Each structure stands twice: as C-alpha cells, then as structure tokens.
Amino acid sequence: MTIEASAAADEVEIRISDQGSGIAPADTDRIFERFARASETGKRRGFGLGLALVRDVLSRYAGSIAVEATSLTGTTFLIALPGPRS
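Residues numbered from 1 in each chain as written. Predicted model: local features only at pLDDT ≥ 70, side-chain atom pairs only at ≥ 80, totals over all residues. Heavy atoms only, no water.

Draft legend 1. Structural view of the overall build of the protein. Of regular secondary structure, the protein possesses one helix and four strands. Counting contacts in the protein only where the partners sit at least 6 residues apart, residues at least 24 apart contribute 41% of the total. Element-wise, carbon and sulfur atoms account for 56% of the exposed surface of the protein, whose accessible area totals about 6,200 Å². (Helix = DSSP H or I, 4+ residues; strand = E, 2+ residues; numbered from the N terminus. Contact = heavy atoms within 4.5 Å. Areas by Shrake-Rupley, 256 points an atom, 1.4 Å probe, with all protein chains shown as cover.)

Draft legend 2. Just the confidence of the model for the protein, in detail. The share of residues in the protein with pLDDT of 70 or more is 88%, and the mean pLDDT across the chain is 88. Mean pLDDT values over the elements of the protein span from 95, in helix 1 (residues 50-60), up to 97, in strand 2 (residues 11-17). (pLDDT = per-residue confidence, 0-100.)

Draft legend 3. Region of the structure containing unusual backbone geometry. At Ala-62, a residue that is not glycine, the phi angle is positive and equals roughly 60°. In this fold, Ala-62 is placed in the loop between helix 1 and strand 3 (64-71). Looking at Ala-62, the relative accessible area reads 60%, which means it is exposed. (Buried < 20%, exposed > 50% of the residue type's maximum accessible area, 1.4 Å probe, protein only.)

Draft legend 4. Summary view of the sheet that holds strand 1 (residues 2-7). Taken together, four strands build an open sheet; the order of strands is 1-2-4-3 and the sheet is antiparallel. Strands at the two margins of the open sheet, each flanked by one partner only, are strand 1 and strand 3. This sheet shows a mean twist of 15° between the axes of neighbouring strands, independent of strand direction. Here strand 3 runs beside strand 4 (residues 74-82); their pairing, made up of seven bridges, is antiparallel. Paired with Thr-70 across the strands is Thr-75, a residue of strand 4. Lying on the sheet, helix 1 is in contact with strand 3 and strand 4; it crosses strand 3 at an angle near 135°. (Pairing = 2+ DSSP bridges. Axes fitted to C-alpha atoms, helices over the stretch in contact; angles between N-to-C directions.)

Draft legend 5. Examining the packing of aromatic side chains more closely. Using the criterion set out here, one finds one aromatic pair in the structure. Here Phe-32 and Phe-77 contribute two aromatic rings whose centre-to-centre distance is 6.2 Å and whose plane-to-plane angle is 90°, an arrangement assigned as edge-to-face. In this pair, Phe-32 sits in the loop between strand 2 and helix 1 while Phe-77 sits in strand 4, placing the two residues 45 residues apart along the sequence. Overall, Phe-32 belongs to the buried group, its relative accessible area being 7%. (Phe/Tyr/Trp six-rings, centres within 6.5 Å; stacked < 30°, edge-to-face > 60°.)

Okay, here's the thing in structure tokens:
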C-alpha cells in the first residue's frame, strides 16, 4: 500500500494505492453505498460498510472520496478535504 498527500491553498489530496485485483468498472461508484460489496474476489468478505462510513465521515467535513484509477494490478482512491482556513 502507498499513501501520498499533497496540499494546495484550498484543498488537501490524499491518494491511497494498493496492489490488489482492482475494482470492476460497474462497481466503482456502488462500493461507497452501505452494504454494497465489489464482485467476488475469493478473499474474506466484509459487510460493505467500510467505504460507506469513510464517505460519510468525509462528507461531514466537506470532503470526498472516489476511485481515481483501477486496473488488474491495483486501485487508487482519492480523498479530497478542504485546506486549512486562514
């Protein structure tokens, strides 16, 4: 897993990348809904709450999360938060 952060005057961006099997294009928006899970990967399954909770917490702070890139060799999530106020 790789975590990168960058800051601009008005926004902080955090990118989290893994080397997993990727996310099917049809699932990239749906995985942020409660109880939604990506297609079967053969690994241990969760309840489909983790990314929904992350999205809810970020939205309380005017932030967002999205799948920035995905392929058979991994996925990158982009978290955006408002920058510090002067």
